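# Reading the structure
One-letter residues, chain by chain:
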Amino acid sequence: AQSVTQLDSQVPVFEEAPVELRCNYSSSVSVYLFWYVQYPNQGLQLLLKYLSGSTLVKGINGFEAEFNKSQTSFHLRKPSVHISDTAEYFCAVSEGAGGYQKVTFGTGTKLQVIP
Amino acid sequence: EAEVAQSPRYKITEKSQAVAFWCDPISGHATLYWYRQILGQGPELLVQFQDESVVDDSQLPKDRFSAERLKGVDSTLKIQPAELGDSAMYLCASSLRTTEGNTIYFGEGSWLTVV
């Protein structure tokens, strides 16, 4: 069975500093990986996704993530954060299951950007 | 930009009462998902439809929860009777296809408070 681990429940970072949000997954087959962002009282919005090809994936709002198969990781990074990046971030893995996809989400990491 | 529509946005109900949530996915999306998100946690899948058929309802508490997507378009999630532990955000989402790697698009969510 697939699973997603986001070890950091909260990450405080000063404005304009770099940030890395960690995500590790486990799966027995090929996987597809996603990062979503959730602002307060809203649904989830796709930041970026890895399906195949280049292991470095660029997304919206200046975020990028690197897929590392040997370490089963898909960490999210941004070189310089803004106040508006304060939100909760969810890593997700999609796996095929009997002809349809099964998507599992991590528990989320709250990014708090400090002015 | 097409969106997943959900209603109501907020619902307060008394314990043992019935409550229903409605969702209209992005036009043309074959797959519809209902997730439950408890405060501080990631979304957990309740039920997944491919057109009008249920493909995964393994985590749906069937003694009190029901979901339908009669014409393969919009969907209703019902809880009867509601319990205090059902207080959460109920997220509807859709994807173009059901195979692995398909991006899931979320609605704004419906907040349920059971008192």
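You'll find the structure just up there.
In short, a report on the structure. Just so it is clear, the structure is predicted and the values come from calculations on it, not from any experiment.

### Considering the overall build of chain A
A count of helical and extended segments in chain A gives 0 helices and 12 strands. Beginning at the N terminus, the succession of helices and strands in chain A can be written as β-β-β-β-β-β-β-β-β-β-β-β. The globule rule puts the C-alpha radius of gyration for 115 residues at 13 Å, and the 14 Å found for chain A is close to it. Within chain A, the proportion of its 115 residues that are buried is 43%. Restricting the contact set of chain A to residue pairs at least 6 apart, pairs at least 24 apart contribute 56%. Roughly 5,500 Å² of accessible area belongs to chain A as shown, and the carbon and sulfur atoms make up 51% of that amount. For chain A, the separation between the mean place of its 8 positive charges and that of its 9 negative charges on side chains is 8 Å.

### Some remarks on the pattern of salt bridges
Residues and elements named next belong to chain B. Applying the stated criterion across every chain yields a total of 10 salt bridges over all chains. Where aspartate 86 meets arginine 36, a salt bridge forms, and the shortest distance between an N and an O atom there is 4.0 Å. Taken together, the residues aspartate 86 in the loop between strand S8 (75-79) and strand S9 (88-95) and arginine 36 in strand S4 (residues 31-37) connect sequence positions 50 residues apart. Of the charged contacts, one joins lysine 62 and aspartate 57 as a salt bridge, the two residues approaching to 3.8 Å between their closest N and O atoms. Salt bridges linked by common partners bring Arg36, Arg64, Glu83 and Asp86 together as one network.

### Some thoughts on the state of the cysteines
All names here are of chain A. For the structure shown, the criterion picks out 2 disulfides over all chains. Between the sulfur of cysteine 23 and that of cysteine 91 lies a disulfide, 2.0 Å long from S to S. Disulfide cysteine 23 to cysteine 91: torsion about the S-S bond roughly -65°, handedness left-handed. Note that cysteine 23 is positioned in the loop between strand S3 (19-21) and strand S4 (24-26) and cysteine 91 in strand S10 (residues 87-97), a separation of 68 residues in sequence.

### Focus on the side chain of threonine 31 of chain B
All names here are of chain B. Note on placement: threonine 31 falls in strand S4. The buried category is assigned to threonine 31, whose relative accessible area is 0%. For threonine 31, the side chain forms a polar contact with the main-chain nitrogen of threonine 98, separated by 3.3 Å. With near-sequence residues (within four places) excluded, threonine 31 lies in contact with Gln48, Phe49, Gln50, Arg69, Ala93, Ser94, Ser95, Leu96, Arg97 and Thr98.

Conventions used here
- Residues numbered from 1 in each chain as written.
- Chains lettered and ligands numbered in written order.
- Predicted model: local features only at pLDDT ≥ 70, side-chain atom pairs only at ≥ 80, totals over all residues.
- Heavy atoms only, no water.
- Helix = DSSP H or I, 4+ residues; strand = E, 2+ residues; numbered from the N terminus.
- Rg over C-alpha atoms; globule rule 2.2 N^0.38 Å.
- Buried < 20%, exposed > 50% of the residue type's maximum accessible area, 1.4 Å probe, protein only.
- Contact = heavy atoms within 4.5 Å.
- Areas by Shrake-Rupley, 256 points an atom, 1.4 Å probe, with all protein chains shown as cover.
- Lys, Arg positive; Asp, Glu negative; His and termini not counted.
- Charge placed at Lys NZ, Arg CZ, Asp CG, Glu CD.
- Salt bridge = Lys/Arg side-chain N within 4 Å of Asp/Glu carboxyl O.
- Disulfide = S-S within 2.5 Å.
- Polar contact = N/O pair within 3.5 Å; in protein donor to acceptor, adjacent residues only side chain to side chain.

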